[in-house]
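# Descriptive analysis of the structure
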Amino acid sequence: MSEKARKLFDALDLNEDGELTRAEVISALRSKGLALAARGDLPFWGVGDAVGSSALFDAAVADGDAVLTFEEFAAVVDRRFGW
C-alpha cells in the first residue's frame, strides 16, 4: 500500500479515529479537496462532488460496515488513482 494512500487517508480522517465514514469523506473532500489536489495528494478528477465521493466510498467498503479502514481505502485508491 502506498505512502500516498496513507497521506490521503490521514487528511480525510477528520476526527483522527483511524476510520472514515461517508459523511467524513464528503466533508473532507469539500473542505480540503482542491488543496489536496494542488499538493499532488489527490488527482484533480478525484475531487468530484458528493455523488462521486459516495461512489468511491461504496467501492472501498469491502465488508459493508459503513466505515473504511485504511486497508480498504488503500486497496481502492491505489488501483483507481494509479499509485
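Look above for the structure.
First, a word on scope: everything that follows refers to the structure included in this document. (Residues numbered from 1 in each chain as written. Predicted model: local features only at pLDDT ≥ 70, side-chain atom pairs only at ≥ 80, totals over all residues. Heavy atoms only, no water.)

## Observations concerning the overall build of the protein chain
Within the protein chain, the regular secondary structure consists of four helices and two strands. Secondary structure elements in the protein chain, listed N-terminal to C-terminal, are α-β-α-α-β-α. Here the protein chain, with 83 residues, has 45% of them falling under the buried criterion. Intrachain contacts of the protein chain at a sequence separation of at least 6 include 56% that bridge at least 24 residues. With the model as given, the accessible surface of the protein chain reaches about 4,500 Å², and the carbon-plus-sulfur share is 55%. (Helix = DSSP H or I, 4+ residues; strand = E, 2+ residues; numbered from the N terminus. Buried < 20%, exposed > 50% of the residue type's maximum accessible area, 1.4 Å probe, protein only. Contact = heavy atoms within 4.5 Å. Areas by Shrake-Rupley, 256 points an atom, 1.4 Å probe, with all protein chains shown as cover.)

## Structural notes on helix α1 (residues 3–12)
Restricting attention to buried positions, one finds in α1 the residues Ala-5, Leu-8, Phe-9, Ala-11 and Leu-12. Along the long axis of α1, the arc covered by the buried residues comes to 160°, so they all point the same way. Against the buried residues of α1 lie β1 (20–21), α2 (22–38), β2 (67–68) and α4 (70–80). (Arc of directions from axis to C-beta.)

## Let's talk about the packing of aromatic side chains
One pass over the full model with this rule turns up two aromatic pairs. Summarising the aromatic geometry, the rings of Phe-9 and Phe-70 are spaced 5.6 Å apart at their centres and angled 80° between planes, so their arrangement reads as edge-to-face. Taken together, the residues Phe-9 in helix α1 and Phe-70 in helix α4 connect sequence positions 61 residues apart. Three or more aromatic residues joined by ring pairs form one cluster here, namely Phe-9, Phe-70 and Phe-73. (Phe/Tyr/Trp six-rings, centres within 6.5 Å; stacked < 30°, edge-to-face > 60°.)

## A closer look at the side chain of Asp-41
The residue Asp-41 is located in the loop between α2 and α3 (50–60) in this model. Judged by its relative accessible area of 6%, Asp-41 falls in the buried class. At 3.1 Å, the side chain of Asp-41 and the side chain of Arg-39 are in polar contact. (Polar contact = N/O pair within 3.5 Å; in protein donor to acceptor, adjacent residues only side chain to side chain.)

## Examining the side chain of Ser-2
Relative to the helices and strands, Ser-2 is located in the segment before α1. Within the structure, Ser-2 has its side chain in polar contact with the side chain of Asp-78 (distance 2.6 Å).

Interpretation in functional terms is not warranted from these geometric data alone.
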